[in-house]
Number of protein chains: 2
Amino acid sequence: MLETELLEVGKKIEHLLQSDPFPDRIQPESLRRAVLDYPLRGGKRLRPALTLWCCELLSGSPEPAAFAAAAVEVWHNWTLVHDDLIDRDPVRRGQPTEQFKLRDDFSGPDAPRYAENFALLCGDLQQGWANHLLLRSPELGVSPELTLLLARKLQTLAGADLISGEAIDTALPLRDPDQVDPDQVRHMFRLKTGALLRFAAEAGALIGCGSPDDPRVTRLGDFAELAGIAFQLRDDYLGLYGDFSRFGKPIGGDLREGKITLLLLEALRRSNPDARKQIRSLLKRDAYSPEDLNRARNLFHACGATAALETEENHLWTRAREILNSFPDSPPRQHLLSLITLLSHRTL
Amino acid sequence: MLETELLEVGKKIEHLLQSDPFPDRIQPESLRRAVLDYPLRGGKRLRPALTLWCCELLSGSPEPAAFAAAAVEVWHNWTLVHDDLIDRDPVRRGQPTEQFKLRDDFSGPDAPRYAENFALLCGDLQQGWANHLLLRSPELGVSPELTLLLARKLQTLAGADLISGEAIDTALPLRDPDQVDPDQVRHMFRLKTGALLRFAAEAGALIGCGSPDDPRVTRLGDFAELAGIAFQLRDDYLGLYGDFSRFGKPIGGDLREGKITLLLLEALRRSNPDARKQIRSLLKRDAYSPEDLNRARNLFHACGATAALETEENHLWTRAREILNSFPDSPPRQHLLSLITLLSHRTL
């Protein structure tokens, strides 16, 4: 069962993070606790699972990739801490975001400001911790040369590319939707979400096969990147068509924020001037009645945008599945295929 | 001449940074420019000089430490970018701080907020860039094993320790000066300033001698840390006794901010209740007349705090010099000794 397997991955990663000495150096105590907070809050552990299973797929064992998997998880978490600062989000995984949680450690009118500063430093420390974890890989038999290659890849894919994607996303609300090419959003998805997933898969694959020139490494990287972009397309879709009671964010939130989603851009691009005007009139309102939401759904549907993005999403999942099917059958391949099934059917 | 040597170091580092491909991956263009900005603004390049000269001291050549030296400089700069965000400083090296400079790339009322977000991401990227530079060291003949050791050290000394020091410093203004042990400030200096200088020296020494067990590595690390702490003590001193026209910040700025300096803590600890009351009355005023400043100087002097810290500072410089003198004479030893002379005599 995939769920059992993911729980196993979670337990392994948590054990590894809790026994790693790096956070013990951190002072003061409130900052040390903050550094451990997000990584130990749980989450689905999809990224470390990718690393472990891609390693197992090529070598029969996930074990040598354990530090790489933990590094990917901590890296993901520092980007969340800084992303929450940028978005001023109050909630992460059902608990206060780091900059809100840290307020408990300060008093006085400046407590929010101090908490934000500590959250900034918390993410900085987690970036260092992620690197330190990966650099421990030789303890599990990974060669120094390969560890260096992985560490450089972490900086380029998960550093330069991911943060570039975050920056493009951050600056998107400043632009007029009519001036944004939908391909720029696809490009942003590839950087912001795809790059770390590519690293997660390629790191596991590299450790599994031991050779940077093995073509299976890039193929597994492609699989992970495709899945990541499909995941983001589904996010856009569920933002308007999801089940309110199950989807984490209120339906219509993207419309209210005037968020430049791929769905919105495709709808504007495919609609006639009258429909385009109606769509624009539905953006950035204070409140949305069920009729408003239905009108939006109908407009996005009528112009073909919804169907086009569903087709695009399905095509991405299919390509990801095809890559996996090109590998001989094995338990890790089954896990990875089940993961695709789970993610492509999610309704929340 | 030391100045010529430092200019040479600066030129070498700038060339290396400008030819490194890492920033080319960064998007959008405004963020790529921001990542290069601080590292190319100049500065004294003391940290990369330490790395290069410690390498030359043990091996006769600074060359194999070039990437490590560049990494130290970029690491220093990301901590400045995030430190300027925390302190909301408007000026760095005579130009707008990154979060002010980036405002030019945005328009509208939210420009300052977007600029801050980009400055946050700029520092994140520079941390990755610094790591990536160091990880290129094998191109200069450094062994993969040693490069891994250096990369782990960078995370612990320049990551965990330095950022812990920054956090302690950040939270200091929240505390009552009577409740702060002066040794906590010394501890903060060791972490915030000493740790990166220790890394800079030890990285060069390790590359120079090639062996992690060579006792000269720790000795050169001690030298750099001692110099760093002495430098901070001098900063405190110049904040009250420096020459207004030459010192970067207005004299008395520390008093106005009520900054918890070692000088203040030692003065409070050594004064009788009446003098203590007078000192406290001189903190956090809106304006300081020349008489106010003289009164503060006299109070700090009369209780022995000023002399005690001067003695402490001189003792640190002497110990740093003694370590260098235990090495055979050579041009890099001369440069390092001249550096101590320069820093210990600075009046601005």
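Note that the coordinates shown come from a computational prediction; the quantities given were computed from them, not determined experimentally.

## Quick word on the overall build of chain A
- The helix and strand inventory of chain A stands at 15 helices and two strands.
- On the principal axes, the C-alpha backbone points of chain A span a range of 65 × 60 × 35 Å.
- Relative to all contacts within chain A whose residues are 6 or more apart in sequence, the contacts with residues 24 or more apart total 72%.
- Working note: accessible area of chain A is about 13900 Å², and carbon and sulfur atoms make up 50% of it.

## Digging into the packing of helix H3 (residues 46-59) of chain A against helix H4 (residues 66-87) of chain A
Residue and element names in this part refer to chain A.
- For the pair H3 and H4, interaxial distance at closest approach is 8 Å and the crossing angle is 155 degrees. Between H3 and H4, the angle is such that the two are roughly antiparallel. For H3 against H4, the interelement crossing comes out right-handed. Mapping the contact onto sequence places Arg-47, Pro-48, Thr-51 and Leu-52 in H3 and Ala-66, Ala-68, Ala-69, Val-72, Glu-73 and His-76 in H4.
- Its residues placed into classes, the contact of H3 with H4 shows six nonpolar, two polar and two charged.

## Topic: helix H3 (residues 46-59) of chain B
- With 14 residues, H3 of chain B should reach 20 Å at 1.5 Å per residue; the first-to-last C-alpha distance of 20 Å fits that figure.
- Counting buried positions over the 14 residues of H3 of chain B gives 13, a clear majority of the element.

## A word on the nonpolar core
- Core analysis: the largest hydrophobic core is formed by 249 residues, its most contacted members being Phe-223 of chain A together with Phe-223 of chain B.
- Discounting chain neighbours no more than four positions away, the residues touching Phe-223 of chain A are Leu-50, Ala-320, Ile-323, Leu-324, Leu-336 and Ile-340 of chain A.

## Thoughts on the packing of aromatic side chains
Residues and elements named next belong to chain A.
- For the structure on display, the rule yields eight aromatic pairs over all chains.
- With a centroid separation of 4.9 Å and 15 degrees between ring planes, the pair formed by Tyr-237 and Tyr-241 is classed as stacked. On the criterion of helical spacing, the pair formed by Tyr-237 and Tyr-241 is a turn pair, its members being four residues apart in helix H9 (residues 215-241).
- On the accessibility criterion, Tyr-241 (23% relative accessible area) is partly exposed.
- An aromatic cluster is defined as three or more aromatic residues linked by ring pairs; in this entry it consists of Phe-106, Tyr-114 and Phe-118.

## Thoughts on the interface of chain B and chain A
- With 50 residues of chain B at the contact, the number on the chain A side is 50 residues.
- A buried area of about 4400 Å², summed over both sides, lies between chain B and chain A, and 67% of it is on carbon and sulfur atoms.
- Taken together, chain B and chain A are joined by two salt bridges.
- Close ionic contact of Asp-161 of chain A with Arg-25 of chain B constitutes a salt bridge, the shortest N to O distance being 2.7 Å.
- Run the count over chain B and chain A and you get 18 residue pairs in polar contact (both at pLDDT 80 or more).
- At the level of elements, helix H4 (66-87), helix H6 (111-134), helix H7 (144-171) and helix H8 (182-209) of chain B are the ones that each hand at least two residues to the side of chain B that touches chain A.
- A per-element tally of the side of chain B that touches chain A places H7 of chain B first, with 19 residues.
- A class-by-class count of the residues in the side of chain B that touches chain A yields 27 nonpolar, 15 polar and eight charged.

Scoring rules and cut-offs
Just so you know, the residues in each chain are numbered from 1, in the order the chain's sequence is written. Chains and ligands are labelled by the order in which they are written, letters from A for the one and numbers from 1 for the other. Thresholds applied to this predicted model are a pLDDT of at least 70 for local features of residues and 80 or more for the giving and counting of side-chain atom pairs; totals over whole chains, interfaces and linings are not thresholded and use all residues. Side-chain calculation: all heavy atoms of the structure are included, whereas hydrogens and water are not. A run of DSSP states H or I qualifies as a helix once it reaches four residues; a run of E qualifies as a strand once it reaches two. Both are numbered from the N-terminal end. Here, residues are in contact when the closest pair of their heavy atoms is within 4.5 Å. In these tables, accessible area is a Shrake-Rupley quantity obtained with a 1.4 Å probe, and a residue counts as shielded only by the protein chains included in the view. Axis definition: a line fitted to C-alpha atoms, limited for helices to the stretch in contact. Angles are taken between N-to-C directions and run from 0 to 180 degrees. An angle counts as roughly parallel when it lies under 35 degrees, as roughly antiparallel when it exceeds 145, as roughly perpendicular when it falls between 65 and 115, and as oblique in every other case. Note on convention: near helix rotated counterclockwise from far helix by under a right angle means a left-handed crossing. Clockwise means right-handed. In this classification, the charged set is Asp, Glu, Lys and Arg, the nonpolar set is Ala, Val, Leu, Ile, Met, Phe, Trp, Tyr, Cys and Pro, and all remaining amino acids, among them Gly, are polar. An expected span of 1.5 Å times one less than the residue number is assigned to each helix. For the exposure calls, accessible area comes from a 1.4 Å probe over protein chains only, and a residue counts as buried if that area is under 20% of its type's maximum, exposed if over 50%, partly exposed in between. We call a set of buried residues a nonpolar core when its members are Ala, Val, Leu, Ile, Met, Phe, Trp, Tyr or Cys and they connect through side-chain atoms within 4.5 Å of each other. Geometry of aromatic contacts follows a simple scheme: Phe, Tyr and Trp rings, the Trp one being its six-membered ring, pair when their centres are within 6.5 Å, and the pair is stacked under 30 degrees between planes, edge-to-face over 60, tilted otherwise. Accessible surface is computed with a 1.4 Å probe, and the buried area is the amount of it that two parts give up when combined, taken over both parts together. Here, a salt bridge means any side-chain nitrogen of Lys or Arg that lies within 4 Å of a carboxyl oxygen of Asp or Glu. Under the rule applied, a polar contact is a pair of N or O atoms within 3.5 Å (in protein, one hydrogen donor and one hydrogen acceptor; residues adjacent in sequence only if both atoms are side-chain atoms).

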